[in-house]
Amino acid sequence: MIKLLKILTLIGMAIVVFGLALCSKASFILLITLSNEGTKTIPDNQKPVVLLCIACALITSSVLLFIKSIWKACYKTSKLPSKATLAAVIIMDILVSGGIAILTIVAMPHLDIVTNVTILNSVAVLSAFLQVITQCTAKERNRFVVPPITAFLLLLLGTALFLYLYITKNPNDTKMLIWVGLAVGSAFLVSLNWWENYCRLICQHTGAVALKNLCRDVSRCRNVLQIISCLVRVAVTASVVGAYVPLAGMDWDIVTAIPSRETRIIAITIGVQLISSVLCHWFALLACKMHALRRCFILPLYLASLAVMALFVIPVIVYYQDYRTSLNGTLAINFTGYCNGVVDGRNGTLTGSVFPHLVLDVTHTLCFLDMSKIMDIGMLTGSAVSWWLGLVLATLHLWYLSVHRIMRTQDLFIRRLYEGAFIEQSLLLNTRFDVQTRGRRKDRWRFETAMVYLCATMWHETSDEMMNIIISIFRLDRYRPKREKNLKDFTFEAHIYFDDAFKQVEGSHGRHLNDYAKTLVEILAEVYAIFTNINENFFSKKQQIPDQTVIRTPYGGRLVLTMPHGNNIVVHFKDKELIRHKKRWSQIMYLYYLLGWKLMTKYYKRWQKGEAEMELKAEVKTEKHNTYLLALDGDTDFQPSAVMLLIDRLKMYPTVGAACGRIHPTGSGPAVWFQKFEYAISHWLQKTAEHVIGCVLCSPGCFSLFRAEALMDDNVMKRYATKSTEASHYVQYDQGEDRWLCTLLLKQGWRVEYNAASDAYTNAPEDFKELYNQRRRWGPSTLANVVDLLGATSVISKKNPSMSKPFMFYQLFAITSAILAPATICLMIAGFLSFMLGLDASWALVLAIIPPAIYLILCFKLKADTQITIAGIMSVIYAFLMLVVTMSIVGSMIKDRTILTPSSIFVVAMAIIYVITALMHPQEVQLVFHGFLYIICIPSAYLLLTIYSMVNMNNVSWGTRETKPAPGAAQTTTTPQTRTEKAKSTFRRLFCWAKCCKKSNQYTEGRRVIVSEENLMPEPAESEPQPINTIVDDTGLPDEEEKQAEPTYLPAQCWVTQLQNAATDMQLQEDHLDKEEEDFWIELQKKYLEPLADDKEKQKKVANDLRELRNKINFAFFIMNAMWLAATFTLQIFGSSVFIRFPKVDFNLNSTGTDVQVEPIGFMFIIGFATSVLIQFIAMLYHRIYTLVHYVAFMDTEPRSQQPLNEELYYEDKKIDTASSVDYVSEAYSDEWSDDDDDDEYEDYPATMYSRNYDGGTMV
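For every chain, the first residue of the written sequence is number 1, and numbering continues from 1 along that sequence. Only residues with pLDDT of at least 70 get local features here, since the model is predicted, and only at 80 or more are side-chain atom pairs given and counted; chain-wide, interface and lining totals rely on the full set of residues. To obtain the side-chain values, all non-hydrogen atoms of the structure were used and water was disregarded.

Novice: How would you sum up the overall build of the chain? Please name residues and give values.
Specialist: Per the convention used, a helix needs a DSSP run of H or I reaching at least four residues, while a strand needs a run of E reaching at least two, with both numbered from the N terminus. Scanning the chain from N- to C-terminus turns up 42 helices and 17 strands. Type-normalised accessible area, obtained with a 1.4 Å probe on protein chains alone, sets the label of each residue: buried when under 20%, exposed when over 50%, and partly exposed for intermediate values. Within the span of the chain, comprising 1260 residues, buried residues form 56% of the whole. In the form shown here, the chain has an accessible surface area of approximately 53,800 Å², with 62% of it arising from carbon and sulfur atoms. To measure how exposed things are, a 1.4 Å probe is used in the Shrake-Rupley method; for residues, cover is taken only from the protein chains shown.

Set out below in structure tokens:
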């Protein structure tokens, strides 16, 4: 299916580019023909209108580029060029635009159709000459110099044949000599258009300082220069057409008096030309981005000129032969006689079809030649063929151009400006030229090897959830083996940060790994066995897992596992008594370790040895730019292709600081079904709109790729490591850490993007209570971060080019809609009560408000669990109510026999948009069926859940994956340890580790055991309090209270020995940290990650502050909703005097004699919401095209997958299931490749692509 999609997309793209180029060229040549003297379709006195349309075709691209450049100048930084650069650009644009205008408006209307089609190819003459100069200055006088030299000679030959034909035909025709001279001279001027493509390379290999400064200044100030260039081109074109019309004896007054038939002909022709030119330029760009340069760009554009020639010449020949046949041999007639008697002797009045008149007009342009003479035909054909072959050879270098997928436009084309008069020539010649060498195909566009750190945070995941992420990491190991030297796009290393991994075991002197941590180790061994035995007959032989490494660390412990293909998984077991726990602190832990220690330390050591500081800074900048962190949750399931698609975004676009993929919730039950549709709508419309018109505001931590350079930017990492000291910090920092990190990136000017083709799967809450608690965290955090961004609109819009003020206004409307959602739901229910029960609108509104008002009061009085129980009961009631509402809306449309009321139009339009959006996502179209559940749950999601999350804002517990003691288990309370007790505990652990060292030495003789100095240090006198839950206790695995009395002695066993004894499938050899890394961890823990002290006074103060903050925000939140409802209630009291009336019409648009009354506030809100959804829908369509382009480009540049095996993989009589199902792919090497263009560097790569199956299990 995927292969078929790729083939159909490439074929469709090639046909579209060819068809649009054909339409653009043919319609423009037709305009030239209509302006020719003697043509009858448009009379001579009406020619100025045609010339004006030709001028419009010339300046349209300049106008569009001018608008785009002005937009950039308003919302992005634009630098001013020097006076010398400005003068050079203006002079060059005057020459080029003057040449284009003279060639097309003055000269070409006097030439024949064959010459007009092919003379535009002669504009490549200077490009061919400059290619030779560029190759020679680069000292690359090799076989690549031959094509441009040949092209230059052919273009000169074509021009010589053209001059000879026209001059010798009638040497006494002075006017014709002028037209011919103008055609040749202006064509040369047009060839100056692409000077920058070659001068930038010439100045690199010569000592031309002035030329180098010019190219640098042009590149630096391109936006301002484009504005000036567009104005110059428009002015010059207008001057040429304005001066030529009176000089040619024509009158502009005819423009306002042209007949309607001629108006339609000209309007259709120029409309086709303008639209097809714009679309051809856009689709040609997409073809290059999807890595289809040869098939969908070069070849269609080459064939376009030949197709236009055939389109014009073949009808001329057919009509001529039909006329000769109609004479039945009664009269011998040649082409000259045909022109005199039929073409020029016809009546000028247009009757019947226009096509015969157009064919005869085209024939008229050839009548000056004697087509019965072989000499004339040969000269005309020779010039046409020479020009076409010259263009082909002048652009032959494009066949060897290595294009990376989704390459930036500025890396593909020198100028953003296309030429509507000769669309295919401008696209081909504007494509970036590079000096051709024998090794160019392998060296061009090679990026620095990226380093990707996979960073997963774990806590209380189940074994199945752990299996998902471990299998995904092992897949990536197979996909990008470290030992495969030919794969240089990226390398990776996986890190898993396991929170609260240790427990206190009664009777033992040392802390042991808890059950969750031991389960992870067992799953690592299982998955390793699966992947190492994957090509064997199942159960026939089992390979031995190599020895792995276990290390003691100041924060707990570390397990280092080398996967079958050489990449490492490092599991960091965190002891919450040694290091701060919870997700944000795990993220801070890996940010400082991976970026601070692993990335920066080596450069610091080199600097201490005396290496050049500037060189080191350049290396650091490059490595930071090409180092990425893939943030993962402990249950994320993903494919290697999903990671590659995110890497593409960061590699190609240097201002992208983060990119996220499409998150799919997994699980079963109504709560998950609701979330499936909710996630789908959020990604289909909201995230795509943010990506297209601005920036994605939240890149979820379950599957997002971050650039190290962005994370290490000023005020990002350091600010992210800030302790929560105020009540608002607990809401914004700790409850939605992913969104807050993105807020910091956006404030620093980095762009956050969304890639819809990068799929990842994560478990969603299946329980109603867990879902409510999850959204209780997300809701206030989202509100806090968006308000934070909106409050800094002026600063952000200046610092971040993607965050314009219009986009911030869009976000303001979105957050306002979210705040007013409870009142909106009440108004909707009131409308239903008024319609169904016949109540007065005011009383219906009062009845609709009473239940949520009561629930709001109860939420302030009752416990959270009771609140959720009541919300569940009310949700069921509201679901039945929404079912009736939905049926009543449909029933009212049927009853009134109309959908043309504001509410009906809104509902129908939303339904159409959602259905079309689903159809645009064919792999997810089945999610539409969950939409019905989503609709009936709207009151629960946007009314009850909003009330619950706002009232419980002071509850800062995590709310999900919280494990409680087993029923009946003794509840123990942990009392704070005194300093003496802490010292005793520390020495007991030290004694335990010392004894354990003897046992470990049996496995690793001579290795020393490092005891963390952190354990010997006393606790600081003052430390920050841990965020407390003021309503729901943040319970985890219960820790046993350390008894004051000495416990009964048992053989001491530390966690290392425990793990070595438990890991029967693989041997764990103990190693140690080097002294420098150990010191780094001790310093990091002391500065940022020390466990928070249990300060009851501070916790009480924070609880009071949170409660006070909750009350303030709730007052503002609900008073806004109350004001909205009060305004609506007031308008309903006044009734018809303030309502907006719309005439009610039936399905046949006939008036029913009644009016529909709509209150103005609600009407304006509907208009605003509809506009927002329409913007999202348009952005979605745009985004889908680029997603398809990226995906096809990825499939075209990655090795083709082999046939999957039919066997299903079982381990221990258990089928391994994950959400992201894949078919097993053999490791055997494939000789088939998806494309011949640029795959030489991948020829030794084992083709291991994966296909997704939504219904099956995981085949690894």
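Novice: Residue-level account of the state of the cysteines, with values.
Specialist: Note on disulfides: each one is a pair of cysteine sulfur atoms within 2.5 Å. Taken as a whole, this structure holds one disulfide when the rule is applied. Two residues, Cys339 and Cys367, share a disulfide whose sulfurs are 2.2 Å apart. Here the disulfide of Cys339 and Cys367 is left-handed, its torsion about the S-S bond being about -85 degrees. Taken together, the positions of Cys339 in helix α13 (residues 335-343) and Cys367 in the loop between α14 (355-364) and α15 (374-394) put the pair 28 residues apart, joining distant regions of the chain. Of the two residues, Cys339 and Cys367, neither departs from the other in class, the shared state being buried.

Novice: So, the pairing of strand β7 (residues 568-574): which residues are in play, and what are the values?
Specialist: In terms of burial, β7 is a largely internal element, seven of the seven residues being buried. The side-chain alternation of β7 yields two buried faces, one formed by Asn568, Val570, His572 and Lys574 and the other by Ile569, Val571 and Phe573. For strand β2 (residues 490-498) and β7, the ladder comprises five bridges, and the chain directions are parallel. Within β7, the position partnered with Ala494 by the bridge is Ile569. In short, DSSP must find at least two bridges between two strands for them to pair. The pairing of strand β6 (residues 556-562) with β7 spans seven bridges and is antiparallel.

Novice: Break down the pattern of salt bridges for me, citing the residues and quoting the values.
Specialist: Pairs may arise between side chains of opposite charge once their charged atoms sit close together. A pair is scored as a salt bridge if a Lys or Arg side-chain nitrogen falls within 4 Å of a carboxyl oxygen belonging to Asp or Glu. This structure, assessed with the given rule, holds 37 salt bridges. Among the ionic pairs, Lys598 bridges to Glu493, the shortest N-O distance being 2.6 Å. Here the residue Lys598 occupies a position in helix α21 (residues 583-608), and Glu493 occupies one in strand β2, the gap between them amounting to 105 residues. Classification of Glu493 by relative accessible area gives buried; the value is 12%.

Novice: Give me the packing of helix α12 (residues 293-326) against α13: which residues, what numbers.
Specialist: A fitted line through C-alpha atoms serves as each axis, taken over the contacting stretch for helices, and the angle formed by two N-to-C directions is quoted from 0 to 180°. At a minimum axis separation of 11 Å, α12 and α13 run at an interaxial angle of 90 degrees. In terms of axis orientation, α12 runs roughly perpendicular to α13. Together, Tyr319, Tyr320 and Tyr323 of α12 and Phe335, Tyr338 and Val342 of α13 make up the contact between the two elements. In this classification, Asp, Glu, Lys and Arg are treated as charged, Ala, Val, Leu, Ile, Met, Phe, Trp, Tyr, Cys and Pro as nonpolar, and every other residue, Gly included, as polar. Broken down by class, the residue content of the contact of α12 with α13 amounts to six nonpolar, no polar and no charged. An angle counts as roughly parallel when it lies under 35 degrees, as roughly antiparallel when it exceeds 145, as roughly perpendicular when it falls between 65 and 115, and as oblique in every other case. In this description, contact between two residues means that some pair of their heavy atoms is separated by no more than 4.5 Å.

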